[in-house]
Amino acid sequence: MTRPLLYLDVDGPLNPYAAKPERRPAGYVTLRVPWIGGDPEDRYRLTRRPLRVWLAPGHGPALLGLGYDLCWATTWMAEANRWIAPVLGLPELPFVDFGDALFQERPDGVHWKTAPLVDHADGRPFAWVDDEQSERDQAYVTAHHRAPALLHHVDPRIGLREDDFRALADFGRSAAGG
């Protein structure tokens, strides 16, 4: 049987960006990422401080042990493999290219990631770990996706915790038929 997909957002679940800024959470390391993209002559970009990202190296092995096919579902897209994966000990992962949907608000209030993730899953069971899903996203997935799906919200002040990994493991076993 095909393993379910696990769509991973970075900021919120893996990087608890909303934690107290002066206090790195226990078990996390600090990564400084320079601002990426844009014109190299952009003086504003060059004067900005690097982006502070907190990551827990233990999350990588825990994610790999869940029995999913992992996939980035983040605005970092391919850059997650460059900056995030090595710190977590993850291999290079596929990513969802959000294309024109990136940051495009929908009139129905469904998150801009939701439809591209359903399309990408193409009928496979999936779990989506993010800090921005709502009931509208769940309703959309229920109406447009024919396989089991778990939209798992993570508090961006604390990131992924043991109870999140338990919920993901339980769903993964269920979705894989075991």
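As a starting point, this report considers the structure included with it. If you're wondering where the values come from, they're calculated on a predicted model, not measured in any experiment.

### So, the overall build of the protein chain
Next up, step 1: When helices and strands are counted, the protein chain shows 7 helices and 6 strands.
Next up, step 2: Here the C-alpha coordinates of the protein chain stretch approximately 50 × 40 × 30 Å along the principal axes.
Next up, step 3: Sequence separation of 24 or more characterises 64% of the internal contacts of the protein chain that already satisfy a separation of 6 or more.
Next up, step 4: For the protein chain, the computed accessible surface area is about 9600 Å², with 51% contributed by carbon and sulfur atoms.

### So, the environment of P91
Next up, step 1: Mapped onto the fold, P91 is located in the loop between α4 (85-88) and α5 (114-121).
Next up, step 2: Its relative accessible area of 43% is what places P91 among the partly exposed residues.
Next up, step 3: For the pair P91 and N81, spaced 10 residues apart in sequence, the C-alpha separation works out to 7.8 Å.
Next up, step 4: Those residues in contact with P91, other than ones at most four positions away along the chain, are L64, N81 and A85.

### Quick notes on the environment of A167
Next up, step 1: Topologically, A167 is positioned in helix α7 (residues 162-175).
Next up, step 2: Leave out the neighbours within four places in its chain, and A167 touches L150 and H152.

### Some details on the packing of aromatic side chains
Next up, step 1: As enumerated under the stated definition, the model contains 3 aromatic pairs in all.
Next up, step 2: Measuring from ring centre to ring centre gives 5.1 Å for F98 and W112, while their planes differ by 85°; the resulting arrangement is edge-to-face. Of this pair, F98 sits in the loop between α4 and α5 while W112 sits in the loop between α4 and α5, placing them 14 residues apart in sequence. You'll find F98 and W112 in the same group, each marked buried.
Next up, step 3: One aromatic cluster is present, built from ring pairs that chain together F98, F103 and W112.
Next up, step 4: One cation-aromatic arrangement involves R52 over W54; the distance from NZ or CZ to the ring centre is 3.6 Å.

### Let's talk about the packing of α5 against helix α6 (residues 135-144)
Next up, step 1: Two elements in contact, α5 and α6, have axes whose closest approach is 10 Å; the angle formed by their N-to-C orientations is 30°. Considered as vectors, α5 and α6 are oriented roughly parallel to each other. Where α5 crosses over α6, the handedness of that crossing is right-handed. Contact with α5, carried on its side by T114, A115 and V118, involves D137, Y140, V141 and H144 of α6 and no other residues of that element.
Next up, step 2: Tallied by class, the residues present in the contact of α5 with α6 amount to 4 nonpolar, 2 polar and 1 charged.

Cut-offs applied
Residues numbered from 1 in each chain as written. Predicted model: local features only at pLDDT ≥ 70, side-chain atom pairs only at ≥ 80, totals over all residues. Heavy atoms only, no water. Helix = DSSP H or I, 4+ residues; strand = E, 2+ residues; numbered from the N terminus. Contact = heavy atoms within 4.5 Å. Areas by Shrake-Rupley, 256 points an atom, 1.4 Å probe, with all protein chains shown as cover. Buried < 20%, exposed > 50% of the residue type's maximum accessible area, 1.4 Å probe, protein only. Phe/Tyr/Trp six-rings, centres within 6.5 Å; stacked < 30°, edge-to-face > 60°. Lys NZ or Arg CZ within 6 Å of the ring centre and 35° of its normal. Axes fitted to C-alpha atoms, helices over the stretch in contact; angles between N-to-C directions. Parallel < 35°, antiparallel > 145°, perpendicular 65-115°, else oblique. Left-handed = near helix turned anticlockwise from the far one by under 90°. Nonpolar A, V, L, I, M, F, W, Y, C, P; charged D, E, K, R; others polar.

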